[in-house]
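Residues per chain, in single letters:
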Amino acid sequence: GARDMAMGGAFSAVGGDYAALHYNPAGLGTIKQGGFFGTFSMLSVSTKANFLGVENTEKTDPMNFNALGLTYPVPVSRGSLVFSFGYHRMRQFDSRLFGGKFISSADDSVTWEHTRTQKGFMSNTAFGLAVEAAPGVFLGGSLQFWGGEDNYNWLFQELDQPFNLYQFAQFDSSDHIRTRFSGANLTLGAVARSRFLQVGGALSTPFTLRCRENWDYSDIVTYDQDLNIETDISSAGGSPDYNIAMPMALRAGAALTAGPFLVSGDVEMLRYNQIEYKTEPSSASLTQASANSAIQRHLQNVTNVHVGGEFTSPNFPVALRGGYAVIRTPYRDVSYEKDRKVISAGIGLEMTDQLVLDAGFAYTEWEGPADDLIFKQNINAKQILVSLLYKMP
């Protein structure tokens, strides 16, 4: 949602909002009025590629519905009982990269071009509930179903340009990989609150992510037209299925309320080096043992930090928000610049007693992986979320 994004994702102790279904379902217990919730996302991703000293920037601007859901507090004589259901697009894979250069040496004079495009998303459908187990103590849980797909395309072209020295006109080598995801797990959480302070934590259980993949590869050589030589085509493909064990995730935080001000902070612990293949991977060059060994060598456990704040005007139905987050890279032995720093801000407007509009903006940038010093990548992403909440009468 726009509110939690604007507050830097520091939301596991805040509660009182539909977004608690994702961060900490126990926070749903503080919702007093049910409603329908929807979020629209506008994402802009720019990738600057430095290919052998030549820079080029590619940009993607996907727009999507980001979340749909509802919350329903059950009338009870004491405490609270709240149910919630929602669909979220947790991550978008949309990006584009291009690099090209004329290659001139004693042995070659051609033009190389690389193009990479990626589209897709990881989604989460969740069913949650929360109860007030004791005065000021809320317990909650959610059942989460993971899905989505990733479409990856890579094209390398060698062109007999600009001098047309050879018999071939163009060589194309392309990869296409489409991966569909599925899995399910639980998130369990607790929130305790006093008059000014709330603390909360949540644990997401490990689960197995099933990956169903379709891939194809082709090499195509096109010759000069005046030679009357048929185009050479070689190709291969496959449809492997494989399973990956995803580790548990821990999240904890605190929120302090002082008059119209709310300040919150979260830490998020992710155990990346506990990821492992449960079956043989799709790559013929890797075995299950070698792939898991590579994960142990190259991935690390991380702790991400989120902080945020909100000011609610006592005189106008307006709230102002800001946040900051540091998302650590999962890769070992890399520079600090590969960590992502996220700056966010937003505004909330209570348009009527039943209609609330929130807008949030987040900006982040980081260095992408280098490919043997041929490619260097700098990526920045800007995202706008607009959320609308309709409160039930």
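Worth saying up front: this structure is predicted, and the values here are computed from it rather than measured.

Chemist: Would you mind showing me how to read the overall build of the chain here?
Modeler: Looking only at helices and strands, the chain has three helices and 20 strands in total. Over its C-alpha atoms, taken along the principal directions, the chain stretches across nearly 85 × 45 × 40 Å. Across the chain, the fraction of contacts at a sequence separation of at least 24, relative to all contacts at a separation of at least 6, is 66%. Entry remark: accessible area of the chain is about 20000 Å², with carbon and sulfur atoms responsible for 59%. For the chain, the distance from the average position of its 30 positive side-chain charges to the average position of its 39 negative side-chain charges is 14 Å.

Chemist: Explanation requested: the pairing of strand S16 (residues 301-312) in the structure shown.
Modeler: Within a regular strand, the side chains alternate between the two sheet faces. Where strand S14 (residues 261-271) and S16 come together, 11 bridges link them in antiparallel fashion. Across the sheet, Leu262 pairs through a bridge with Glu310, a residue of S16. Relative to strand S17 (residues 318-327), S16 is paired through eight bridges, and the arrangement is antiparallel. When the bridges of S17 are listed, Gly308 appears paired with Gly323. Linkage of S16 to S17, two consecutive antiparallel strands, is achieved through a turn of five residues.

Chemist: When you look at the nonpolar core in this model, what are you seeing that I'm missing?
Modeler: As a rule of thumb, nonpolar side chains are buried together in soluble globular proteins. Judged by nonpolar contacts, the single largest core of 14 residues is most densely connected at Met122, Phe181, Leu209, Cys211, Ile244 and Tyr277. Counting only elements with at least two residues in this core, the list comes to strand S10 (207-223), strand S12 (241-246) and helix H3 (288-298). Considering each element in turn, this core owes the most residues, three residues, to S10. Other than its neighbours up to four places away in sequence, Ile244 contacts Phe207, Thr208, Leu209, Cys211, Ile275, Glu276, Tyr277 and Lys278. Ranked by size, the runner-up nonpolar core spans 10 residues in total, among them Ile31, Phe37, Val82 and Ala130.

Chemist: Would you explain the pairing of strand S7 (residues 137-159) in this entry?
Modeler: Pairing of strand S6 (residues 109-134) with S7 involves 23 bridges; the strand directions are antiparallel. Bridged to His114 within S7 is Phe156. Sheet analysis places S7 next to strand S8 (residues 168-193), joined by 23 bridges and oriented antiparallel. Note on S8: the bridge partner recorded for Asn153 is His176.

Chemist: Looking at this model, I keep getting lost on the packing of aromatic side chains. Mind explaining?
Modeler: Aromatic rings in a pair are described by how distant their centres are and how their planes are angled relative to each other. Tallied over the entire structure, the rule returns 12 aromatic pairs. A centroid spacing of 4.9 Å and a plane angle of 45° characterise the contact between Phe85 and Phe127, whose relative ring orientation is tilted. Of this pair, Phe85 sits in strand S4 (residues 81-92) while Phe127 sits in strand S6, and the two are 42 residues apart along the sequence. Judged by its relative accessible area of 33%, Phe85 is partly exposed. Ring geometry for Tyr242 and Tyr277: centres 5.9 Å apart, planes at 45°, overall tilted. Of this pair, Tyr242 sits in strand S12 while Tyr277 sits in strand S15 (residues 276-277), and the two are 35 residues apart along the sequence.

Chemist: I tried to follow H3 on my own but got confused; where do I start?
Modeler: Residue pairs spaced three or four apart in an α-helix point in one direction, given the helix's 3.6 residues per turn. Of all the residues in H3, the buried ones are Ala291, Asn292 and Ile295. Axial view of H3: buried residues confined to an arc of 95°, hence all on one face.

Chemist: In this structure, what is going on with the pattern of salt bridges? I would like to understand it.
Modeler: A side chain with one charge may pair with a side chain of the opposite charge, provided their charged atoms come close. All told, the structure shown has 11 salt bridges when counted by the stated rule. For Asp241, the salt bridge goes to Arg210, with nearest N and O atoms at 2.8 Å. Placement of the pair is Asp241 in strand S12 and Arg210 in strand S10, with a sequence separation of 31 residues. Taking relative accessible area as the criterion, Arg210 reaches 37% and is therefore assigned partly exposed. Across the salt bridge formed by Arg321 and Glu310, the nearest N and O atoms sit 2.6 Å from each other. Of this pair, Arg321 sits in strand S17 while Glu310 sits in strand S16, placing them 11 residues apart in sequence. Residue classification places Arg321 among the buried positions, given a relative accessible area of 10%. The buried category is assigned to Glu310, whose relative accessible area is 9%. Counted as one network, the salt bridges with shared partners bring together Arg3, Asp17, Glu310, Arg321 and Asp358.

Reading the values: rules and limits
Every chain begins its residue count from 1, and numbering advances along the sequence as written. A pLDDT threshold of at least 70 governs which residues receive local features in this predicted model, and a stricter bar of 80 or more applies before side-chain atom pairs are shown or counted, although totals over entire chains, interfaces and linings include all residues. To obtain the side-chain values, all non-hydrogen atoms of the structure were used and water was disregarded. Only DSSP runs of H or I reaching four residues or more are called helices, and only runs of E reaching two or more are called strands; each is numbered from the N terminus. Working rule for contacts: check all heavy atoms of both residues, and any pair within 4.5 Å makes them a contact. Accessible surface area values rest on a Shrake-Rupley calculation with a 1.4 Å probe, where residue burial reflects the displayed protein chains alone. Two residue types count as positive, namely Lys and Arg, and two as negative, namely Asp and Glu; His and chain ends fall outside the count. Positions of charges follow a simple convention, taking NZ of Lys, CZ of Arg, CG of Asp or CD of Glu. Two strands qualify as a pair provided DSSP detects at least 2 bridges between them. Definition used in this section: a nonpolar core is a set of buried Ala, Val, Leu, Ile, Met, Phe, Trp, Tyr and Cys residues joined via side-chain atoms within 4.5 Å. Each residue gets one of three labels from its accessible area relative to the maximum for its type: buried under 20%, exposed over 50%, partly exposed in between, using a 1.4 Å probe on protein chains only. Working definition: rings of Phe, Tyr and Trp (its six-membered ring) pair if their centres are within 6.5 Å, and the pair is stacked with planes under 30 degrees apart, edge-to-face with planes over 60 apart, and tilted otherwise. Arc definition: directions from the helix axis to the C-beta atoms. The working definition used for a salt bridge is a side-chain nitrogen of Lys or Arg within 4 Å of a carboxyl oxygen of Asp or Glu.

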